[in-house]
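Understanding the architecture of this molecule
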Amino acid sequence: MTTSNPFFEPSELPYELPPFARIRNDHFLPAFTRGMADQRDEVAAIGAGAEPATFENTVEALERSGAVLDRVRRVFFNKVAADTDEEIQALEVEIAPRLAAHGDLLLLDPALFARLDALYEQRGKLGLDEEQLRLLERHHTQRVRAGARLAPEQQRRLRELNAEIAALSTEFVQNLRVATAAAALVLDRAEELAGLPADRIAAAAEQAQALGHPGKFALTLKNFSCQTELAALEDPALRERLLAASLGRGIDSNGPVAVALARLRAERAALLGYPHHAAWEVADRTAGTTAAVEELFGRLVVPAVANAERESAALAEAAGVAEIGAADWQYYSERVRKERFDLDAAALRPYLELDTVLHDGVFHAAELVYGITFTRRPDLVSYHPDAHVYEVHDADGGPLGLYIGDFHARESKRGGAWMDSLVAQSKLLGQRPVVVNNLNVAKPPAGEPVLLSWSEVNTLFHEFGHALHGLFSDVRYPLLSGTQVPRDFVEFPSQVNEMWADWPEVLAHYARHHVTGEPMPAELPARLREAENFGAGFRMVEHQAAAVLDWAWHTLSADGDVPREDEAAAFEAAALEHYGLAMAAIPPRYRTGYFAHIFSDGYAAGYYGYRWAEVLDADTVRWFRENGRTIRESGEIFRRELLGRGGSVDPLAAFRAVVGRDAEIGPLLDRHGLTD
């Protein structure tokens, strides 16, 4: 068993890339079992050490622990998200509460905490450098926040709560996978899809085939509310059906799960001394207080709603109706955009072929800004044939890490787009980063080009920003590596990277017709920029509605104000009304039944973080444009002072090291055409 299980020893492949060609489903459970047992023994040995606690024999020893568990955990949860099957889903149900219990063991072990607490109390006298001090503080803070100071009986209840929360989070995402698949619309004739580009109709035929409906056409759902096809489908009845399918999925199965999770999280927060889950979460983020988050809501909601109401009136006039409906908003928005700015979204797509956007756009921008280069490594096997491996070299030609791109939708992949780390950079462990980006772009028939929408281009640049955060990590300790920063800061680097999508030098390099090779006509990028604020009201309201919905679920207290299991939809409606965001024509970007970000993906009480981070992002984009340095010089500063530091410094101090001051909200308001 020791030699046959590929997780039991470090991979011998370049950069310790997991040996996917050798990994089978039956390797996971033995590796989890051994990995947890090994780390339990390691932690017990640290706590029982005869020598007084030192940074090396306690904090660094803890950082070295759990190697087998780390390897299997990263590969397994990448597979759960990107290439699951029934066996993996069953194992996830089994392993989630066990991992929660193991996490509690690490965080609540009294002997280990006593040693960490002793070091923390004398931290100013230990001669630690900045990163070592940060690491000690993070380990100590994590344990205090997790309940290390609670009485044994309280800790017992805390462990029960954590196990229940882990199991319900797994149930939520598995319910959502089933509900999303069941909500796909299967159509008999291509004519019903009138308005969609030919390649998207061909992709719908491929999707129907994959779902067991040969000769038909399937519209499968993305993970957000307003499906992209709503902007093009000519049949208003089909638009209504598609939006209804999107908005209704998951509420029956996941409404009770959401209520249960909110109740358990509220009880846990009370046990830990906080009024509600949001207060507990925000205390360890850059926002610091719930009041700061609510102040941000107050500054954004009113101007966003006013802007959206102006947009609604313009769309109703274009449609010749008194009031525009939610299913028709995107359709008429696209037509008004075309009329006002002579900009047809469909006209952009022939210039946005996936491989060209990736190689000549995303990779080119990274070389332009940071000097790094990418080389395809077909000799390195990934976890799925669609996932391609690239070696990344630094500006001086030295090795930096591996990047895996997995961009196509498939039945075994969850919705959305994300970045994962398969190997975290750490000088202590001698590891370089291996990161993966996932998108859900419809796959056309074999031999056909993969043409992207402008939104999908921006998503690719966004997720690649997360990848750069992982690739550029330059720290000693795993806990501080890469994207391990506060949740309301982690989106900041990825949002900054979106700026390069329409940067003139970058756009001209990749926006070429996939057949003729001709560059995108010069007037199209200009019109894109003119139209940048068009629809900003919709986008802001859509996003803010999801943020306040998350906030409402997680500002519930444990003293009886949690709704009943059958009241999730009513609670959602009341929350949107309370925050002034109950606009029938603009549903939240995510509704409760499919809001996986907050009920299974770690964004609980954190969805506000996208806008919070965008304040930093918009200000940083202005800095890139106006600081008087070359792009390359600015990129080096951004990489050295922020991207490379991971969690080893205070994140807002890293921002100040780049921009030279605290962030200002003005650039964000300007970006969205809002007035403060």
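The sections below set out a description of the structure shown in this document. Quantities reported herein were computed from a predicted structural model and do not represent experimental measurements.

1. Focus: the pattern of salt bridges
Summed over all chains, the structure comprises 50 salt bridges. The salt bridge partner of Arg 157 is Glu 267, with a shortest N-O separation of 2.7 Å. Taken together, the residues Arg 157 in helix α7 (residues 152–182) and Glu 267 in helix α10 (residues 251–271) connect sequence positions 110 residues apart. Arg 157 sits in the partly exposed class, given a relative accessible area of 23%. Note that Arg 632 is salt-bridged to Glu 636, the shortest N-O span being 2.6 Å. A residue pair is termed a helical-turn pair when its members lie 3 or 4 positions apart in one helix, as Arg 632 and Glu 636 do in helix α24 (residues 631–641) at four residues. A residue is classified by how much of its surface remains accessible, and Arg 632, at 29% relative accessible area, is partly exposed. Since its relative accessible area comes to 29%, Glu 636 is described here as partly exposed. The network of salt bridges with shared partners includes Glu 153, Arg 156, Arg 157, Glu 160, Glu 164 and Glu 267.

2. Here's the deal with the nonpolar core
By size, the foremost hydrophobic cluster in this structure holds 159 residues, and its most contacted members are Leu 193, Tyr 403, Phe 461 and Tyr 510. Apart from residues no more than four positions distant in its own chain, Leu 193 is found in contact with Leu 187, Ile 201, Ala 204, Phe 217, Leu 219, Leu 233 and Leu 238. In this structure, Ala 31, Val 389, Val 423 and Val 434 belong to the second largest nonpolar core, which totals 33 residues.

3. A look at the packing of helix α12 (residues 290–319) against helix α23 (residues 609–626)
When two helices pack together, their arrangement is given by the angle between the helix axes and by the axis-to-axis distance. The geometry of α12 relative to α23 is characterised by a closest axis approach of 10 Å and an angle of 75 degrees between their N-to-C directions. Considering their axes alone, α12 and α23 lie roughly perpendicular with respect to each other. Seen from α12, the contacting residues are Ala 292, Val 293, Leu 296 and Leu 300; seen from α23, they are Arg 611, Trp 612 and Val 615.

4. Examining empty space enclosed by the protein
Applying the stated rule across the entire model yields four cavities of 30 Å³ or more. Approximately 60 Å³ is the volume found for the largest cavity. In this structure, the largest cavity is lined by Asp 199, Arg 200, Ala 203, Val 441, Ala 442, Pro 444, Pro 449, Val 450 and Leu 451. Residue contributions to the lining of the largest cavity peak at three residues, all from helix α8 (residues 198–210). Its residues placed into classes, the lining of the largest cavity shows seven nonpolar, no polar and two charged.

5. Describing helix α21 (residues 568–578)
Of all the positions in α21, only Ala 568, Phe 571, Glu 572, Ala 575 and Leu 576 are classed as buried. For α21, the angular spread of buried residues about the axis comes to 130 degrees, placing them on one side. Opposite the packed face of α21, turned more than 90 degrees from it, sit the exposed residues Ala 570, Glu 577 and His 578. Looking at the buried residues of α21, the elements they touch are α10 and α20 (536–554). Two residues or fewer after α21 comes Gly 580, characterised by a positive phi angle close to 75 degrees.

Definitions and limits used
- Residues numbered from 1 in each chain as written.
- Predicted model: local features only at pLDDT ≥ 70, side-chain atom pairs only at ≥ 80, totals over all residues.
- Heavy atoms only, no water.
- Salt bridge = Lys/Arg side-chain N within 4 Å of Asp/Glu carboxyl O.
- Helix = DSSP H or I, 4+ residues; strand = E, 2+ residues; numbered from the N terminus.
- Buried < 20%, exposed > 50% of the residue type's maximum accessible area, 1.4 Å probe, protein only.
- Core = buried A, V, L, I, M, F, W, Y, C linked by side-chain atoms within 4.5 Å.
- Contact = heavy atoms within 4.5 Å.
- Axes fitted to C-alpha atoms, helices over the stretch in contact; angles between N-to-C directions.
- Parallel < 35°, antiparallel > 145°, perpendicular 65-115°, else oblique.
- 1 Å grid on protein atoms, 1.4 Å probe; cavity = no way out; pocket = protein on both sides within 12 Å on 5 of 7 lines; lining within 4 Å.
- Points joined across faces, edges and corners; volume = space filled by probe spheres on them.
- Nonpolar A, V, L, I, M, F, W, Y, C, P; charged D, E, K, R; others polar.
- Arc of directions from axis to C-beta.

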